[in-house]
Amino acid sequence: ATPAMASLTPALPPLLLHHHARRLVLLRRLLHLLLLPALLPLPSAASQPPGGEGGRRVCIRAGGASLPAPLYKQAFLAYKYANPNASVSYDETGSLGGRNATLRGDLDFGATDEFFEPVDFKRNPDLFVFPTVVSGVVVVYNVAANLTGGRRLRLDLRTVADIFMGKVTRWDDARLRGLNGGLALPDAEIRLAARANGSGTTAAFTEEVAWSNFEFFYALGRGADVDWDAWTRGQGLPPRTRPGGPLAFFPTNERVVSHVVATPNSIGYAGYAHAKAVGALVADIEVVESGTGARSVVRCSDATIAAGGRLLDYDDDLRASESPFCSNAAAWPIVAPSYVALRTNTSGPATRARAAVAGEDEGAWCGEEDAADADAAAGSGAGPLLGRILEYPPLAALCNSVIAACNSLRHCAPLAVRRRVGRAVEARLLAALAELADAAP
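### Focus on the pairing of strand β7 (residues 191-195)
Okay, step 1: Counting buried residues in β7 gives 4 out of 5 residues, a clear majority hidden from the surface.
Okay, step 2: The pairing of β7 with strand β9 (residues 266-271) spans 3 bridges and is classified as parallel. Paired with L192 across the two strands is I267, which belongs to β9.
Okay, step 3: Where β7 meets strand β8 (residues 247-250), 4 bridges bridge the pair, whose relative direction is parallel. If you follow A193 over to β8, its bridge partner there is A248.

Here it is as structure tokens:
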């Protein structure tokens, strides 16, 4: 695992281990995605003709959120290594771009940190959305300060809100000195770096910050699109977004981090994976613990992001939510689940257009292999099998481990062997289900 991948916490296993009865429907939908690739292996280099003349190539187009992009790109590389004839492209267009492109049918799947609206599901009955990873959103900074002994800049979310709202504009502000034990900070203007509009990272950041500072909430609001000049405009101050002003926008988290690292006296927000990958400085956050009211300092790490992810709950549509007033010293306060969205109607105009272009220009047909696997799944009885597995949550959890083993087998075994193993696994599952049914009261 790379540092970027290590900082992204998988979102699905906690769902599989959740025993609440109302989760059975969403678990069944997830297991359709998770188990079918294990029982019906996707084509690999061992089962496809060479990628030269006459070879067929699977073309997959994806895009959207930049928060989970480090993990997705590593996964695509691993898939490409095991399947040389597969091509996966991912464009970091932001969460709003991923959502809109998915709804238009321009992508095979899109990624977003903001969930879809109810009207999107009504207008697109074939829209399927599920969470993949949970990541932390952090405050990165570049300021000349005498921070020794592993110390980092310390902030609380209320002060973070005032900085990005425009109330705290200089590094030697009394509030910043107070939070950092009287540390000598430079007499310099704070330079801000933010994501361009339509960002799921902005949505996660402003959602948490707004609950900590209601003036920020009423002036700037929260969500993927924020009017960063709203408060300063109300005070009769010049817009911060003017050319040469203190606030700059960037299309991806990677660009935000790069700008902060290269710009003295700057501060911005981005995904932890992006900051960790380049060694950017990440501020510690002071929180007020729920219940006790005690103040604690949280340092962002893989463990604290995972703890923050465990505070999330998921409704029947797989939408994540958290209590804005639930905090503790072990959990990073700003966590964001990322979702993958796809249209299950694979005969849409975008898919047909891509297949036609591939056939004319490259001698390849995109999606044929996936369609063949779907046909095989439809005739295999796998759907009823999965439904029965979900009646026994411990067995569903066991299946999650079996999936990992089957996925590993894809890369090193011929297709004929993988199919035999898949049939054997299915037979054993059916036998286990029969025994459980006989033992049921």
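### Describing the packing of aromatic side chains
Okay, step 1: All chains considered together, the criterion is met by 17 aromatic pairs.
Okay, step 2: Ring centres of F217 and Y218 lie 5.2 Å apart, and the angle between their planes is 85 degrees; this geometry places the pair in the edge-to-face category.
Okay, step 3: The exposed category is assigned to Y218, whose relative accessible area is 68%.
Okay, step 4: An aromatic cluster is present here, built from Y72, F76, Y90 and F109 joined pairwise through their rings.
Okay, step 5: Lying over the aromatic face of F116, R99 brings its terminal NZ or CZ to 5.5 Å of the ring centre.

### Section: helix α7 (residues 157-165)
Okay, step 1: Within α7, 8 of the 9 residues are buried, which leaves the element mostly enclosed by the surrounding structure.
Okay, step 2: What α7 keeps buried is the set L157, T159, V160, A161, D162, I163, F164 and M165.
Okay, step 3: Count one or two residues on from α7 and you reach G166, which has phi positive near 110 degrees.

### Some thoughts on the side chain of S199
Okay, step 1: Here S199 is to be found in the loop between β7 and α9 (200-212).
Okay, step 2: Within the structure, the side chain of S199 is placed 3.3 Å from the side chain of R195, a separation counted as a polar contact.
Okay, step 3: Of note is the side chain of S199, whose polar atom sits 3.1 Å from the backbone nitrogen of T201.
Okay, step 4: The contacts of S199, once residues within four sequence positions are left out, are S95 and A224.

### Some details on the sheet that holds strand β6 (residues 154-156)
Okay, step 1: Taken in spatial order, the 3 strands line up as β6-β11-β12 in an open sheet, and their pairing is mixed. The strands lining the two open edges of the sheet, one partner per strand, are β6 and β12 (295-298). Direction aside, the axes of adjacent strands within the sheet are offset by 35 degrees on average.
Okay, step 2: Bridge count between β6 and strand β11 (residues 284-288): 3 bridges; the pairing is parallel. From the neighbouring strand, R154 faces β11, where its bridge partner is D284.
Okay, step 3: Sitting on the sheet, α7 is in contact with β6 and β11, with an inclination near 85 degrees to β6.

### Concerning the pattern of salt bridges
Okay, step 1: Overall, the coordinates contain 14 salt bridges when judged by the stated rule.
Okay, step 2: Where R170 meets D187, a salt bridge forms, and the shortest distance between an N and an O atom there is 3.1 Å. One end of the pair, R170, is in the loop between α7 and α8 (174-179); the other, D187, is in the loop between α8 and β7, with 17 residues separating them in the sequence.
Okay, step 3: Exposure remark for D187: the relative accessible area of 57% places this residue in the exposed category.
Okay, step 4: Where R233 meets D227, a salt bridge forms, and the shortest distance between an N and an O atom there is 2.4 Å.
Okay, step 5: Residue classification places D227 among the partly exposed positions, given a relative accessible area of 35%.

### Some thoughts on the packing of α7 against α9
Okay, step 1: Across the interface, α7 lies against α9 with an axial gap of 8 Å and an inter-helix angle of 110 degrees. Here α7 lies roughly perpendicular to α9, going by the angle between them. α9 is crossed by α7, and the crossing has left-handed handedness. Every residue of α9 that contacts α7 at L157, R158, V160, A161 and F164 is listed here: F205, E208, V209 and S212.
Okay, step 2: Of the residues belonging to the contact of α7 with α9, the class tally is 6 nonpolar, 1 polar and 2 charged.

### Some remarks on the confidence of the model for the protein chain
Okay, step 1: Per-residue confidence for the protein chain averages 74 on the pLDDT scale, and 66% of its residues sit at or above 70.
Okay, step 2: Ranking the helices and strands of the protein chain by mean pLDDT puts β9 first, with 96, and helix α2 (residues 12-16) last, with 38.
Okay, step 3: In this model residues 1-6 is a low-confidence stretch, pLDDT under 50, and it forms 9 contacts with partners more than four residues away in sequence or in other chains.

### Structural notes on the pairing of strand β4 (residues 109-112)
Okay, step 1: Because side chains alternate across β4, one face comprises the buried residues F109 and A111, and the other comprises G110 and T112, equally buried.
Okay, step 2: Bridge count for strand β2 (residues 58-64) against β4 is 3 bridges, and the pairing is parallel. Each residue of the ladder has a partner; that of G64, found in β4, is A111.
Okay, step 3: Sheet topology places β4 next to strand β15 (residues 335-343); 3 bridges connect them, and they run antiparallel. In the strand pairing of β15, A111 is matched with V340.

Calculation criteria
Residues numbered from 1 in each chain as written. Predicted model: local features only at pLDDT ≥ 70, side-chain atom pairs only at ≥ 80, totals over all residues. Heavy atoms only, no water. Buried < 20%, exposed > 50% of the residue type's maximum accessible area, 1.4 Å probe, protein only. Helix = DSSP H or I, 4+ residues; strand = E, 2+ residues; numbered from the N terminus. Pairing = 2+ DSSP bridges. Phe/Tyr/Trp six-rings, centres within 6.5 Å; stacked < 30°, edge-to-face > 60°. Lys NZ or Arg CZ within 6 Å of the ring centre and 35° of its normal. Polar contact = N/O pair within 3.5 Å; in protein donor to acceptor, adjacent residues only side chain to side chain. Contact = heavy atoms within 4.5 Å. Axes fitted to C-alpha atoms, helices over the stretch in contact; angles between N-to-C directions. Salt bridge = Lys/Arg side-chain N within 4 Å of Asp/Glu carboxyl O. Parallel < 35°, antiparallel > 145°, perpendicular 65-115°, else oblique. Left-handed = near helix turned anticlockwise from the far one by under 90°. Nonpolar A, V, L, I, M, F, W, Y, C, P; charged D, E, K, R; others polar. pLDDT = per-residue confidence, 0-100.

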